[in-house]
Amino acid sequence: MNVGNSSQISERREYLRRIVAVTSLLGKQGIAFRGHDETSFSLNQGNFLEVMKLLETFDPFLQNYQAPSHSTYLSPASQNSMIECCADEVTATIVEEIKASKMYAVIADEARDGHVEQLAVCVRYVTADGGVKERLLELVTLKGLNAQCITDAIENVLESNGLNDLLCVAQAYDGASVMSGSVSGVQTRFREKHPEAVYVHCYAHELNLVLCHTCRAIPEASDLFETLESVYCFFSVSIVNHQRFSDVQMLLGLKKSELVQLSKTRWACQVKSVRAMLNNLPAVLKCLEESATPLAVGLLSKLSRFSNVYLLFMFRSMLSTTEGLHLYLQKYSVDLAQATLFKDAVLDTLKSIRTNEMADKLYNEAKHIYDANNICERRHSGRRHKQRVMEDFTIESTLVYCAVSTPG
């Protein structure tokens, strides 16, 4: 009997090893487990069950093993249990590494999932071998969006993982007042229990805000990026316009590529949209000219302005300079000393290109593209006010004009 029980235990362990392996694989790759229809008649029972069936095709053990009907470990509940077990093991490893390092920093940010507000709590620490790690500790549902609720959520995560008594040397959030407030913000409340936790506003976020507010303060820049977004929507929303765009790319011998949508929250990455527009400018202009719809005519008029072509080259130069710093500041292995040197280098570069020589270079590049594509500057019919003085009062008459000019 003992021999029989031992054999069953060994077989079930082998079976569970395969269940855990599939669970780990799907979790590692970030692949969904469930299927819309997991019945025996379904042609697609979901990734978990389908991978198990694939494994059985090549695994002699699974081909010969018949799991008891009450313990197949294939049900949704069993899958959830396996996922939770794997998550517990990963979290336990992270906690052990943090305890070995004896200090850590906490990083938190909230995000909405449908109608549920969630808080991602991450930790940053240095391992025994000197390596820097950033790890997601837990994703919790917020009961409220005020500073006290968010602080309590962070404290509960740290306490539940046994980190509340360890030295927390820093806290990093975004710059929202509820997080950064010096009187009653999260950072202030958190320091009541962790006085050594210095508040750090994400430097990548700060750089993004600087670029965002700078560009918004310049009407010409704001108008340019609105035009780029409108052009992207013109070709991405309509299948007909997008297909025509692809055909024109092939006709002109351009490398097939897509226009890039602007990001309202990542202005440092707008350079991708600018590059895409410059690379595809001939195809975009030709498609807009052939379309001849009111929207296309308006967009063509804006893109045909020499000032906008010049701004494309100017922003490509400027944003390419800041792009590297923005990407570096997002790395989990960012080094403060290296980041400072990187920042100084970017500032020096930006100062060095604020010269007449650089302006002439950008002008010549823009004029070359302008002439090479036979762009004739067009402007919408506008209204100009002309004053005519008659005795002791003034009458304003409105004249409609349409100006057509090319750069000298």
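Residues numbered from 1 in each chain as written. Predicted model: local features only at pLDDT ≥ 70, side-chain atom pairs only at ≥ 80, totals over all residues. Heavy atoms only, no water.

### A word on helix 8 (residues 203-216)
Here is the rule: For the purposes of this entry, the term helix denotes a DSSP run of H or I that reaches at least four residues, the term strand denotes a run of E that reaches at least two, and both are numbered from the N terminus. Expected span of a helix: the number of residues minus one, times 1.5 Å. In this scheme, a residue with accessible area under 20% of its type's maximum is buried, one over 50% is exposed, and one in between is partly exposed, where area comes from a 1.4 Å probe on protein chains only. Directions from the helix axis toward the C-beta atoms define the arc. By definition in these notes, contact holds between two residues if any of their heavy atoms fall within 4.5 Å.
Over its 14 residues, helix 8 extends 20 Å from the first C-alpha to the last, a length consistent with the 20 Å expected when each residue adds 1.5 Å. Among all positions of helix 8, only Ala204, Leu207, Asn208, Leu211, Cys212 and Cys215 are buried. The arc enclosing the buried residues of helix 8, seen along the axis, measures out at 130 degrees, which places them on a common side. Summarising the geometry of helix 8, the exposed residues directed more than 90 degrees from the buried face are Val210, His213 and Arg216. On its buried side, helix 8 packs onto helix 9 (219-237) and helix 14 (306-329).

### Remarks on unusual backbone geometry
The phi angle at tyrosine 73 is positive, at roughly 60 degrees, despite the residue not being glycine. Tracing the backbone shows tyrosine 73 in the loop between helix 3 (60-64) and helix 4 (76-101). A relative accessible area of 29% means that tyrosine 73 is categorised as partly exposed. Backbone geometry places alanine 292, a non-glycine residue, at a positive phi of 65 degrees. What makes alanine 292 exposed here is its relative accessible area of 52%.

### Observations concerning the confidence of the model for the protein chain
Stated precisely, the cut-off is as follows: The pLDDT score gives, residue by residue, the confidence of the prediction method on a 0 to 100 scale.
For the protein chain, the mean per-residue pLDDT works out to 85, and 90% of the residues sit at or above 70. Note that pLDDT drops below 50 for residues 378-390; the model gives that stretch 38 contacts with residues more than four away or on any other chain. Note that residues 393-406 has pLDDT below 50 and, in this model, 35 contacts with residues that lie over four places away or in other chains.

### Some remarks on the sheet that holds strand 1 (residues 103-113)
Applicable threshold: Pairing between strands requires that DSSP locate at least two bridges from one strand to the other. Axis geometry follows a simple rule: fit a line to the C-alpha atoms, using only the stretch in contact for helices, then measure angles between N-to-C directions, giving values from 0 to 180 degrees.
The 5 strands lie next to each other as 3-2-1-4-5, forming an open sheet whose pairing is mixed. Strand pairing shows two members of the sheet lacking a second neighbour, strand 3 (132-141) and strand 5 (198-201), which therefore form its edges. Adjacent strand axes in the sheet meet at a mean angle of 25 degrees when their direction is disregarded. The sheet contact formed by strand 1 and strand 2 (residues 116-126) spans 9 bridges and is antiparallel. By the bridge assignment, aspartate 109 is partnered in strand 2 with alanine 120. Across the face of the sheet, helix 4 comes into contact with strand 1, strand 2 and strand 3 while running at roughly 45 degrees to strand 2.

### Comments concerning the pattern of salt bridges
Using the following cut-off: One side-chain nitrogen of Lys or Arg within 4 Å of one carboxyl oxygen of Asp or Glu is enough to make a salt bridge.
Inspection of the entire model under this criterion finds 15 salt bridges. For arginine 112, the salt bridge goes to glutamate 117, with nearest N and O atoms at 3.3 Å. Taking relative accessible area as the criterion, arginine 112 reaches 62% and is therefore assigned exposed. Here glutamate 117 falls in the buried class, since its relative accessible area comes to 15%. The salt bridge involving aspartate 371 is made with lysine 367; its shortest N-O contact spans 2.9 Å. Here the residue aspartate 371 and the residue lysine 367 both occupy positions in helix 16 (residues 356-372), the gap between them amounting to 4 residues, near one helical turn. Three or more residues joined by partner-sharing salt bridges are found here, namely Glu14, Arg17, Arg18 and Asp59.

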